[in-house]
Number of protein chains: 2
Amino acid sequence: MENKYVTIKRFIDGLPSGLDFELRSAPLTPATPQGSEDVIVKNLFVSIDPYQINRMKEYSSSQETVEVARRLLPGQRIDAFGVGRVVASGNAEFKRDELVAGMLGWEEYTVVRPGVMLTKIDSNLDFPLSYHLGILGPSGLTAYAGFYDVCKPKKGEKVLVSAACGSVGHLVGQFAKLSGCYVVGCAGSKKKVELLKEKLGFDDAFNYKEETDVKSALKRYFPDGIDIYFDNVGAEMQEAAVANMNAFGRVAVCGAISRYTDAGKRAAPDMIDVIYKRITIRGFLAYDHLSIYDDFISATSDHIRHGRMQSLEDISQGLESVPSAFAGLFRGDNVGKKLVQLAHI
Amino acid sequence: MENKYVTIKRFIDGLPSGLDFELRSAPLTPATPQGSEDVIVKNLFVSIDPYQINRMKEYSSSQETVEVARRLLPGQRIDAFGVGRVVASGNAEFKRDELVAGMLGWEEYTVVRPGVMLTKIDSNLDFPLSYHLGILGPSGLTAYAGFYDVCKPKKGEKVLVSAACGSVGHLVGQFAKLSGCYVVGCAGSKKKVELLKEKLGFDDAFNYKEETDVKSALKRYFPDGIDIYFDNVGAEMQEAAVANMNAFGRVAVCGAISRYTDAGKRAAPDMIDVIYKRITIRGFLAYDHLSIYDDFISATSDHIRHGRMQSLEDISQGLESVPSAFAGLFRGDNVGKKLVQLAHI
């Protein structure tokens, strides 16, 4: 049989467009040969994440860091987090028809080699499958680890979240509210701002595109200063947050989406503020915080069951929609976690 | 009697020069009135520190942070760390002729009000008086707290120190060597580079003025990457250090001298490096680390007594040399801790 997959046609420099990608197919034997420990998974949902752009560049310093950040070559399959159903397995831990989550790919089927991350989906958790990529998956862990482990919030602290309607941001804001913080989100449309305030319980929210001077905007939204800035965007917003920060403020740098597609978009926070206000700016990857994974799943499942947290998802249909779904991330098209559904159970 | 003091003639914008200052005098009664708890100190040495420039500006965000950073007005006396001899005291803790260290000023005599920091110099510590401003004073505590509390060094780590011949830098490098780290210093002259390598035991050192591209220079000096950057300067050097940093690298931001006199000199470290390499950039003030003060004094005194640490001092003579000593800091004139000696015991 043929297995269709998405690949880049060339290295990408700047903003990606659907034209940078193509669908290809490769032959696949839907059975595992004798002695193989491979698991063949039919992919149901795949995650569409901004960080993948750094893998599609001819060079990015990130490519030399962790395994999941390594460079992709034109023509190669693109590994990505996903959920799927086992169709064949040489690994005794996984049986045909079981549901799994792990490092799958932007493709119809993934042959998961031994050592690649794959876990069974706990059938006691009665949540939509898509949640295992978002609120209960890598985005959720990123929000939880970044907020609790990196920002170390205290009740009553003032929290700014950028890309607050994004996959991670909308969860951070909800964790912050549940921890007794005051939370303001910034996002790029009127619709997103309304969602944050009306559906997700943010104390306030604003559309950064309507602000000519983000530094004064933050001064209006935080008359008593910012204690925590959960940064998904970098550049001017980080500078403005540092300028409005209180003593011992913390910036958790989760993403720098403005920088990913424009090398000139650097954040230049004022070091006078960093020194005198004893600010910490810290980059992190959820990856290093697996020790809190069980806490994360148990706390978050509980919040969902009791209606204390909501998941925002933005789901496109079909493998062929992956390129435009991905390119849309950099235009701010997505509202919540961006996923593509490739097949139904 | 008359008490001569140094003051600014106007707020300073940009590089300071001797012409921004003047000597004035004010009447002083060399006795404390009945009921007063003031202590009158004849100043022997005063500390000349770059941070004072931020107090001399019409506005700097730093002025709204801690007490020692508050704005100075033209005509006002300038408080500064110093050592001196008590000439009159209404405070039972301090007696005439005792030697003291604390917040004195760029003036012949200081009237130390109750509540202002003042401590007796321990006569059991048989060190030169000037050491209480440098290696055993605020510069030493800054180096010790910044290196041990903020950088949290591990044996074998690779350390970069900028302004490595400065008041704090030359001590940080020595603490780092004593902790089993590999240390490279950068400084602004051939003479300083030689001092670092030959007198202070740095593993290597370079003159940044001879490098056209500091990022590649650091790649040469650190083929295995940088784990710790003790930052006294900000701007390009911080950017280059972050670009050459290893996973979990730490930047302790102690000073940003390039930024103090030029608002355009911002550090714009690449957030892609900060995220993927999980780098922490943290500003600090020694002020917050007083809990390790006793450890600092005991460890450092011991290092000095056993010849394991050296103090570099650069001492000018006479109150009238204060303005040019201060202006010289921003040209890199000083080699080691800059002090002015106002009188002899």
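In this text, all values refer to a predicted model and were calculated from it rather than measured experimentally.

A few points about the relation of the copies chain B and chain A
Here is step 1: Taken as rigid bodies, chain B and chain A are interconverted by a rotation of 180° and an axial shift of 0.0 Å, the fit giving an RMSD of 0.0 Å. Read as a symmetry element, the transformation amounts to a two-fold axis. Distance from the rotation axis, computed per C-alpha, reaches its smallest value in chain B at Ala-268 of chain B: 2.0 Å.

Let's talk about the domain arrangement of chain A
Residues and elements named next belong to chain A.
Here is step 1: Per the domain assignment, the segments of chain A are domain 1 (2–134 + 312–341) and domain 2 (138–287).
Here is step 2: Centre-to-centre, using C-alpha coordinates, domain 1 lies 28 Å away from domain 2.
Here is step 3: Contacts between domain 1 and domain 2 engage 21 residues on the former and 19 residues on the latter.
Here is step 4: Of the roughly 1,500 Å² buried where domain 1 meets domain 2, counting both sides, 65% is carbon and sulfur surface.
Here is step 5: Summed over the three residues of domain 1 that lose the most area to domain 2, namely Val-66, Leu-312 and Val-335, the buried surface amounts to 33% of that side.
Here is step 6: Summed over the shared surface of domain 1 and domain 2, the result is zero salt bridges.
Here is step 7: One can count seven residue pairs in polar contact (both at pLDDT 80 or more) joining domain 1 with domain 2.
Here is step 8: Split by residue class, the side of domain 1 that touches domain 2 holds 12 nonpolar, seven polar and two charged.

What to know about the packing of aromatic side chains
Here is step 1: Applying the stated criterion to the full structure yields 28 aromatic pairs over all chains.
Here is step 2: A network of ring pairs unites the aromatic residues Tyr-144, Phe-147, Tyr-148, Phe-175, Tyr-293 and Phe-296 of chain A as a single cluster.

Description of unusual backbone geometry
All names here are of chain B.
Here is step 1: Even without glycine at this site, Lys-152 takes up a positive phi of about 45°.
Here is step 2: Take Lys-152: it is sitting in the loop between helix 2 (138–151) and strand 8 (158–161).
Here is step 3: Judged by its relative accessible area of 53%, Lys-152 is exposed.

As for the pattern of salt bridges
Here is step 1: Evaluation of the coordinates by the stated rule reveals 45 salt bridges over all chains.
Here is step 2: A salt bridge links Glu-157 of chain A to Arg-250 of chain A; the shortest N-O distance between them is 2.6 Å. Residue Glu-157 of chain A is found in the loop between helix 1 (138–151) and strand 8 (158–161), and its partner Arg-250 of chain A is found in strand 12 (residues 245–253); the two are separated by 93 residues along the sequence.
Here is step 3: Judged by its relative accessible area of 9%, Glu-157 of chain A is buried.
Here is step 4: Among the salt bridges present, the one from Arg-278 of chain A reaches Asp-288 of chain B, with a minimum N-O distance of 2.6 Å. Here the residue Arg-278 of chain A occupies a position in the loop between helix 7 (271–276) and strand 13 (280–283), and Asp-288 of chain B occupies one in the loop between strand 13 (280–283) and helix 9 (293–305), the pair thus bridging two chains.
Here is step 5: Overall, Arg-278 of chain A belongs to the buried group, its relative accessible area being 9%.
Here is step 6: Look at the salt bridges and you will find they share partners, linking Arg-55, Glu-67, Arg-70 and Asp-79 of chain A into a network.

Let's talk about the interface of chain B and chain A
Here is step 1: Taken together, the contact pairs 39 residues of chain B with 39 residues of chain A.
Here is step 2: For the pair chain B and chain A, the two sides together bury roughly 3,200 Å², of which 62% comes from carbon and sulfur.
Here is step 3: When the buried area of chain B at its contact with chain A is split by residue, Ile-272, Ile-275 and Tyr-276 of chain B rank highest and sum to 23% of it.
Here is step 4: Where chain B touches chain A, the interface holds six salt bridges.

Observations regarding the side chain of Asn-3 of chain A
Residue and element names in this part refer to chain A.
Here is step 1: Here Asn-3 is to be found in strand 1 (residues 2–8).
Here is step 2: For Asn-3, a relative accessible area of 7% gives the class buried.
Here is step 3: At 3.4 Å, the side chain of Asn-3 and the backbone nitrogen of Glu-108 are in polar contact.
Here is step 4: Engagement of the side chain of Asn-3 in a polar contact is seen with the backbone oxygen of Tyr-109, the distance being 2.8 Å.
Here is step 5: If sequence neighbours within four positions are ignored, Asn-3 has contacts with Arg-24, Ser-25, Ala-26, Leu-28, Glu-107, Glu-108 and Tyr-109.

Each value, and the rule that gives it
Residues numbered from 1 in each chain as written. Chains lettered and ligands numbered in written order. Predicted model: local features only at pLDDT ≥ 70, side-chain atom pairs only at ≥ 80, totals over all residues. Heavy atoms only, no water. Least-squares fit on C-alpha atoms with pLDDT ≥ 70 in both. Domains from an automatic or database assignment. Contact = heavy atoms within 4.5 Å. Buried area = accessible area lost by both parts, 1.4 Å probe. Salt bridge = Lys/Arg side-chain N within 4 Å of Asp/Glu carboxyl O. Polar contact = N/O pair within 3.5 Å; in protein donor to acceptor, adjacent residues only side chain to side chain. Nonpolar A, V, L, I, M, F, W, Y, C, P; charged D, E, K, R; others polar. Phe/Tyr/Trp six-rings, centres within 6.5 Å; stacked < 30°, edge-to-face > 60°. Helix = DSSP H or I, 4+ residues; strand = E, 2+ residues; numbered from the N terminus. Buried < 20%, exposed > 50% of the residue type's maximum accessible area, 1.4 Å probe, protein only.

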